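Each chain, letter by letter, is given below.
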Amino acid sequence: MKFEEIRAAEERLLLSTYERSPILFTGGEDVHLIDESGERYLDLLSGIGVNALGYNHPAIVDTIARQSRALIHTSNLYYHEGQAELAMRLTERTGLDRVFFANSGTEAWEGALKLARAYAGLRRSEGASIGTKFLALEQSFHGRTFGSVSTTFKAKYREPFGPVVPGVEFVRFNDVSDLRAKFSNEVCAILVEAIQGEGGVRPLTQEFLAEARALANSTGALLIVDEIQAGMGRTGKWCAYQHYGILPDVTTLAKPLAGGIPLGAVLCTEEVARVIHAGMHGTTFGGGPLACAVGVAIIDTIEKDGLLAHVNQVGNYFQERLRWLAKHHETIIDVRGKGLMLAAELDSADLAKQTVAEMLKRRILINCTSDTVLRFLPPYILERAHVDTAIDALDEIFTEHGAAHSTQAGGRHHG
Ligand SMILES: Cc1ncc(COP(=O)(O)O)c(C=O)c1O
């Protein structure tokens, strides 16, 4: 089918959940996506933080070829080689003890929420006084299924589907006194992203995360850190909470975990894991042989190629260049992030939208989150030259915008 036919068929046949950009991608190589006419696009978004090794990476392609010939699916009724291999690597790198594999971010997060409620129930049966309430953060995003959307802040994601799961209260972002005021032994878990992704690439302060850990410890509530966007090396460490020196009781991973093959994971301590027994939770597809084999290959490649150090180096360079850009264009009001999870916040939602479109015209993919925040989640194999290409393009766009703006202002002034 030609692009226009595909577009017409989608409009007729699909639920209209997405506003797609009018491009048909048919391939990819390294940090580039390739459209139907062979044009190459520099991808600074990597499928919303998924394609950590970029496109057509031999480690992924070869693993998929080998594993798909051997075994794609068995269900969780039987053993295969992949889950133990991947769980060994994940527990070593996250500091947690046990893993449950799911298929997506939101499913991993559902697993974490269920674990928290079940664990609180176990503690109550052992005589502890602990409730069922969740404290989540303002601007949080945890996914689209019912539990996830109930703990996601933006009303537009929750309200059409009400009533959502009860027992969730939102705490003001990085507001330690609000956290203290809302915490009590009614709370079974505090839910955070160490660096909020969809909320605008906003890191928690050390003080806030430390207080969340201390409060949770004081009652036996759980600290649950969602690392679906920030985890698996994106910030230069395996998990963003490792920048804080704080270990949660539960964490969730997904996005880059199997480099584009759907896979999510919930990890927890041995103490929390004791609540789970056979039959309580499960999945048909989660942790299948294909996804797990790719997950193993991704971790091994990140380590073999020194990509955590690379993410730090190229990420620092990217951030420096964004700061340079901010000095020259006052429309940029903040630059933030860690590693290759970066953002430039603008003073105008219209300009942010326009900038994404202008970058697309220059064949560079970025996106805009939280209305005014330009977000960069490139593949870990990004090089400095790619950063320079992006910065030059942004410089040009903001310069043109500035010139148009001052002409308009001048026109108004003289008129
Ligand atoms: C922090 C965080 N949690 C959960 C999710 C949901 O993941 P998925 O879209 O794979 O369900 C996302 C997706 O953007 C996310 O960024």
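Structure: above.
Residues numbered from 1 in each chain as written. Predicted model: local features only at pLDDT ≥ 70, side-chain atom pairs only at ≥ 80, totals over all residues. Heavy atoms only, no water.

(A) Focus on the overall build of the protein. The helix and strand inventory of the protein stands at 14 helices and 17 strands. Its C-alpha radius of gyration of 22 Å places the protein within 12% of the 22 Å reference for a compact globule of 415 residues. Viewed in the frame of its principal axes, the protein has a C-alpha envelope of about 75 × 55 × 45 Å. For the protein, buried positions account for 53% of its 415 residues. Pairs at least 24 residues apart make up 72% of the contacts formed inside the protein by residues separated by at least 6 positions. Summed over its atoms, the accessible surface of the protein is roughly 19,100 Å², and 53% of this surface lies on carbon and sulfur atoms. Separation between the mean location of the 41 positive side-chain charges and that of the 51 negative ones in the protein comes to 2 Å. (Helix = DSSP H or I, 4+ residues; strand = E, 2+ residues; numbered from the N terminus. Rg over C-alpha atoms; globule rule 2.2 N^0.38 Å. Buried < 20%, exposed > 50% of the residue type's maximum accessible area, 1.4 Å probe, protein only. Contact = heavy atoms within 4.5 Å. Areas by Shrake-Rupley, 256 points an atom, 1.4 Å probe, with all protein chains shown as cover. Lys, Arg positive; Asp, Glu negative; His and termini not counted. Charge placed at Lys NZ, Arg CZ, Asp CG, Glu CD.)

(B) Summary view of helix 3 (residues 58–70). Taking 1.5 Å per residue as the helical rise, helix 3 with its 13 residues ought to reach 18 Å, and the 18 Å between its terminal C-alpha atoms agrees with that figure. If you check which residues of helix 3 are buried, you get A59, I60, T63 and Q67. Each buried residue of helix 3 sits inside an arc of 90° when the element is viewed along its axis, so together they form one side. (Expected span 1.5 Å × (residues − 1). Arc of directions from axis to C-beta.)

(C) Fine view of the packing of helix 4 (residues 82–94) against helix 11 (residues 289–304). In the contact formed by helix 4 and helix 11, the axes pass within 8 Å of each other and the chain directions differ by 40°. Here helix 4 is positioned oblique relative to helix 11, judged by the angle of their axes. As for how helix 4 packs across helix 11, the hand of that crossing is left-handed. The segment helix 4 lies against helix 11, with G82, Q83, E85, L86, R89, L90 and R93 engaging C292, G295, V296, I299, D300 and E303. (Axes fitted to C-alpha atoms, helices over the stretch in contact; angles between N-to-C directions. Parallel < 35°, antiparallel > 145°, perpendicular 65-115°, else oblique. Left-handed = near helix turned anticlockwise from the far one by under 90°.)

(D) Representation of the site of the ligand. With respect to spatial proximity, the complete set of residues near the ligand consists of S104, G105, T106, F141, H142, G143, E193, E198, D226, I228, Q229 and K255. Within the side chain of D226, a nitrogen or oxygen atom sits 2.7 Å from a nitrogen atom of the ligand. Relative to its unbound accessible area of 390 Å², the ligand is 82% covered by the protein chains. For the shell around the ligand, the class distribution of residues is two nonpolar, six polar and four charged. (Near = heavy atom within 4 Å. Polar contact = N/O pair within 3.5 Å; in protein donor to acceptor, adjacent residues only side chain to side chain. Nonpolar A, V, L, I, M, F, W, Y, C, P; charged D, E, K, R; others polar.)

(E) Layout of the sheet that holds strand 6 (residues 168–171). With mixed pairing, the seven strands of this open sheet are ordered in space as 4-12-11-10-7-5-6. Only two strands of the sheet have a single partner each, and these edge strands are strand 4 (98–102) and strand 6. The average undirected angle you get between the axes of adjacent strands in this sheet is 20°. Where strand 10 (residues 222–226) lies against strand 11 (residues 250–253), three bridges are found, and the strand directions are parallel. (Pairing = 2+ DSSP bridges.)

(F) Local environment of the pattern of salt bridges. Across all of its chains, the model carries 27 salt bridges by this definition. Measuring nitrogen to oxygen at the nearest pair gives 2.8 Å for the salt bridge that ties R20 to E10. Of the two residues, R20 is situated in the loop between helix 1 (3–13) and strand 1 (25–29) and E10 in helix 1; the sequence distance between them amounts to ten residues. Accessibility expressed as a relative area gives 30% for E10, which makes it partly exposed. Here D178 makes a salt bridge to R172, at a shortest N to O gap of 3.9 Å. The network of salt bridges with common partners includes E358, K361, R362, E396 and E400. (Salt bridge = Lys/Arg side-chain N within 4 Å of Asp/Glu carboxyl O.)

(G) Quick look at unusual backbone geometry. With an omega of 0°, the peptide bond running from G162 to P163 counts as cis. Relative to the elements of secondary structure, P163 occurs in the loop between helix 7 (155–158) and strand 6. Even without being a glycine, N174 presents a positive backbone phi close to 60°. By the element assignment, N174 lies in the loop between strand 6 and helix 8 (176–182). Although it is not a glycine, M232 adopts a positive phi angle of roughly 65°.

(H) Structural view of the sheet that holds strand 17 (residues 373–376). Across the sheet, which stays open at both edges, the four strands sit in the order 13-14-17-16 with antiparallel pairing between neighbours. Two strands close off the open sheet at either side, each with one partner strand: strand 13 (332–338) and strand 16 (367–369). Across the sheet, the mean angle from the axis of one strand to that of its neighbour is 30°, orientation sign disregarded. Contacts between helix 12 (residues 307–328) and the sheet are confined to strand 13, strand 14 (341–346) and strand 17, with strand 13 contributing the most and set at about 175° to the helix.

(I) Layout of the environment of S37. By secondary structure assignment, the location of S37 is in the loop between strand 2 (32–35) and strand 3 (40–43). On a C-alpha basis, the gap between S37 and R336 in space is 36 Å, while along the polypeptide they are 299 residues apart.

(J) How the structure looks around the pairing of strand 5 (residues 133–137). Counting buried positions along strand 5 yields four of five residues, so the element is predominantly enclosed. Note: strand 5 against strand 6, four bridges, orientation parallel. Pairing of L135 across the sheet is with E169, part of strand 6.

(K) Examining the pairing of strand 12 (residues 264–268) more closely. Among the five residues of strand 12, five are classified as buried, and the element is accordingly described as predominantly covered. Of the two faces of strand 12, the one lined by G264, V266 and C268 and the one lined by A265 and L267 are each fully buried. Across five bridges, the pairing between strand 4 and strand 12 is antiparallel. Bridge assignment links R98 to a residue of strand 12, and that residue is C268. Bridge count between strand 11 and strand 12: four bridges; the pairing is antiparallel. In the sheet register, V250 faces strand 12, and the bridge partner there is C268.

On their own, these measurements won't tell you what the molecule is for.
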